[in-house]
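Below, each chain spelled out in residue letters.
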Amino acid sequence: MAYQNQYRPPQYNNAPPDQSFLWNIFQRVDKDRSGAISDTELQQALSNGTWTPFNPVTVRSIISMFDRENKGGVNFNEFAGVWKYITDWQNIFRTYDRDNSGFIDKTELKQALTGFGYRLSDQFYNTLIEKFDRQKRGQVAFDDFIQCCIVLQRLTDVFRRYDTDQDGWIQVSYEQYLSMVFNVV
Amino acid sequence: MNFQGYGAPAAGGFPGGFPAQQQQDPLYGYFTTVAGQDGQISAEELQACLTQANFSGGYRPFNIETCRLMISMLDRDMSCAMGFAEFKELWAVLSGWKQHFMSIDRDMSGTVDPQEMTQAIGSMGYRLSPQATNSIIKRYSSNGKISFDDYVACCVKLRSLTDAFRKRDQAQQGVASFQYDDFIQSTMSI
């Protein structure tokens, strides 16, 4: 079943980046030299290709994914993970932005998510774009694309936790359902 | 026995519009001004409309995400926009919620605290455990307070999620089955 093996972004076999290369980047991004990169600093360092600030919700998600100490930022060791994560997404985005427009349109989004193993109706892609497209262009920019995938991933994770026999079905009480879903969407 | 914890229909809710009479409806003129040529209201237009109508009263205007949530709550045809019947329904539902909020916000500060919010959720008819309620409220508090806008967003989500759940609870026993693809799509549509 597609649901079993999907949604993890394909691992790209880039050689791990040179430590001094990463350190240079880290220092440039850590503007206040606090030793940790905050949400704001990461946001300023990232580009979504539109000259508007990178989606702050996505920035928060990424930092919290790698911030092992719950300090609200990432230190140099954790930053290596952030760097790889973003580079992987850039590769994926470029792969599916077939017309190189800098945006992923509905067709390209369909190909991306189908490629990840999701089976979603055509109509639903309209809903996805309406929900995640902050630029209001009917296409998703880099940051919004990541955000969409993160939310899909979280929902899949929470579903999996309840699907103990892994048959693609869950049976939940009303309360369980609300708790599962309320904070993800 | 039918599951009782789903919450009463929102105050002021009433069945969909009556197209034949819509010309005489005072709200209709209002709707057409906002909706423009296509006869449908988008999230941006709804935001402008509610702001102009001073719907929030002394409270801050609705943010765009809350408006998008309101549209998707009633968006039966997945068009991501709202027609007149849906608009009428929304207006009534929102008015009920606003009255309720104002009755709790006695100091007219524009915010309520988590305990008042818990009571509000209970008095809307939802039967939830303290843990479930707490996790919902945590999502919407900033600095331990819940603004009118966030309160509405929370009400909308509760209603939308409850509707989605109900549709899959055939026996009305408070238990629903979800297939994965359906789970993803129904949940993300909110």
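Owing to the predicted nature of the structure, the values given are computational and were not obtained by experimental measurement.

A. Geometry of the UniProt feature "domain: EF-hand" (unreviewed entry) in chain A. All names here are of chain A. Look at the UniProt record and you will see "domain: EF-hand" (unreviewed entry) annotated at residues 17-52, 84-119 and 150-185. Helix makes up 50% of residues 17-52 and strand makes up 6%, while its end C-alpha atoms are separated by 28 Å. The annotated region residues 150-185 carries 61% helix and 14% strand content, and the separation between its end C-alpha atoms amounts to 11 Å.

B. Focus on the packing of aromatic side chains. By the definition in use, this model includes 26 aromatic pairs over all chains. An angle of 65 degrees between the planes, with centres 5.2 Å apart, marks the rings of Phe 159 of chain A and Tyr 180 of chain B as edge-to-face. One end of the pair, Phe 159 of chain A, is in helix H7 (residues 142-162); the other, Tyr 180 of chain B, is in helix H8 (residues 180-188), on a second chain. Here Phe 159 of chain A matches Tyr 180 of chain B in class, with each residue buried. Seen from their ring centres, Phe 101 of chain B and Tyr 151 of chain B are 4.9 Å apart, and the 50 degrees between their planes marks the pair as tilted. Of this pair, Phe 101 of chain B sits in helix H4 (residues 84-104) while Tyr 151 of chain B sits in helix H7 (residues 148-167), placing them 50 residues apart in sequence.

C. Structural view of the pattern of salt bridges. Tallied over the entire structure, the rule returns 13 salt bridges over all chains. Salt-bridge contacts for Asp 122 of chain A lead to Lys 106 of chain A; the nearest nitrogen and oxygen are separated by 2.9 Å. One end of the pair, Asp 122 of chain A, is in helix H6 (residues 122-132); the other, Lys 106 of chain A, is in helix H5 (residues 106-116), and 16 residues separate them in sequence. For Arg 159 of chain B, the salt bridge identified is with Glu 89 of chain B, shortest N-O distance 3.1 Å.

D. Just the packing of helix H4 (residues 76-96) of chain A against H7 of chain A, in detail. Residue and element names in this part refer to chain A. Where H4 contacts H7, the two axes come as close as 11 Å, and the packing angle between them is 105 degrees. In terms of axis orientation, H4 runs roughly perpendicular to H7. Seen from H4, the contacting residues are Tyr 85, Ile 86, Trp 89, Gln 90, Ile 92 and Phe 93; seen from H7, they are Phe 142, Phe 145, Ile 146, Cys 149, Ile 150 and Gln 153. Residues that form the contact of H4 with H7 fall into these classes: 10 nonpolar, 2 polar and no charged.

E. Spotlight on the confidence of the model for chain B. Mean pLDDT over chain B works out to 80, with 84% of the residues at or above the 70 mark. Within chain B, the lowest mean pLDDT, 77, falls on helix H1 (residues 26-35) of chain B, and the highest, 95, falls on strand E3 (residues 175-179) of chain B.

F. Summary view of the interface of chain B and chain A. Facing the 39 residues of chain B at the interface are 39 residues of chain A. Counting the surface lost from both chain B and chain A, the interface buries some 3,500 Å², and carbon and sulfur atoms represent 66% of this. Contact with chain A buries area across many residues of chain B, yet Tyr 180, Phe 183 and Met 188 of chain B alone supply 22% of it, more than any other trio. Taken together, chain B and chain A are joined by 1 salt bridge. With a closest N to O distance of 2.6 Å, Arg 119 of chain A and Asp 181 of chain B form a salt bridge. Put simply, chain B and chain A have 10 residue pairs in polar contact (both at pLDDT 80 or more) between them. Contributions of two or more residues to the side of chain B that touches chain A are made by helix H6 (130-140), H7, E3 and H8 of chain B. When grouped by side-chain class, the residues that make up the side of chain B that touches chain A number 22 nonpolar, 10 polar and 7 charged. As defined by bridge partners, strand E3 (residues 169-173) of chain A adjoins E3 of chain B across 5 bridges and the pair is classed as antiparallel. Each bridged residue has a counterpart across the sheet, and for Ser 173 of chain A the counterpart in E3 of chain B is Val 175 of chain B.

G. Quick look at the side chain of Asp 163 of chain A. Residues and elements named next belong to chain A. Looking at the element boundaries, Asp 163 is found in the loop between H7 and E3. Despite its burial, Asp 163 pairs with no opposite charge; the closest candidate is Arg 160, at 7.3 Å N-O. Polar side-chain contacts of Asp 163 include one of 2.8 Å to the backbone nitrogen of Gly 168.

H. Highlighting the side chain of Ser 186 of chain B. With respect to the secondary-structure elements, Ser 186 of chain B resides in helix H8. Ser 186 of chain B has contacts with Arg 168 and Phe 178 of chain B, leaving out every residue within four places of it along the chain.

I. Quick look at helix H3 (residues 56-66) of chain A. Residue and element names in this part refer to chain A. Every buried residue belonging to H3 is among Thr 58, Val 59, Ser 61, Ile 62, Ile 63 and Phe 66, and all of these are buried. Against the buried residues of H3 lie strand E1 (37-38), helix H2 (39-45), strand E2 (73-74), H4 and H7. The opening residue of H3, the one whose side-chain oxygen lies 3.0 Å from the backbone nitrogen of Val 57, is Asn 55.

J. Structural view of the packing of helix H8 (residues 174-182) of chain A against H6 of chain B. For the pair H8 of chain A and H6 of chain B, interaxial distance at closest approach is 9 Å and the crossing angle is 25 degrees. Judged by the inter-axis angle, H8 of chain A sits roughly parallel to H6 of chain B. Crossing angle aside, the handedness with which H8 of chain A passes H6 of chain B is left-handed. The residues of H6 of chain B that touch H8 of chain A, namely those facing Glu 175, Ser 179 and Phe 182 of chain A, are Ala 132, Ile 136, Arg 139 and Tyr 140 of chain B. Grouping the constituent residues of the contact of H8 of chain A with H6 of chain B by class yields 4 nonpolar, 1 polar and 2 charged.

What counts as what
Residues numbered from 1 in each chain as written. Chains lettered and ligands numbered in written order. Predicted model: local features only at pLDDT ≥ 70, side-chain atom pairs only at ≥ 80, totals over all residues. Heavy atoms only, no water. UniProt positions renumbered as here; feature names shortened; annotations may be inferred. Helix = DSSP H or I, 4+ residues; strand = E, 2+ residues; numbered from the N terminus. Phe/Tyr/Trp six-rings, centres within 6.5 Å; stacked < 30°, edge-to-face > 60°. Buried < 20%, exposed > 50% of the residue type's maximum accessible area, 1.4 Å probe, protein only. Salt bridge = Lys/Arg side-chain N within 4 Å of Asp/Glu carboxyl O. Axes fitted to C-alpha atoms, helices over the stretch in contact; angles between N-to-C directions. Parallel < 35°, antiparallel > 145°, perpendicular 65-115°, else oblique. Contact = heavy atoms within 4.5 Å. Nonpolar A, V, L, I, M, F, W, Y, C, P; charged D, E, K, R; others polar. pLDDT = per-residue confidence, 0-100. Buried area = accessible area lost by both parts, 1.4 Å probe. Polar contact = N/O pair within 3.5 Å; in protein donor to acceptor, adjacent residues only side chain to side chain. Pairing = 2+ DSSP bridges. Lys, Arg positive; Asp, Glu negative; His and termini not counted. Left-handed = near helix turned anticlockwise from the far one by under 90°.

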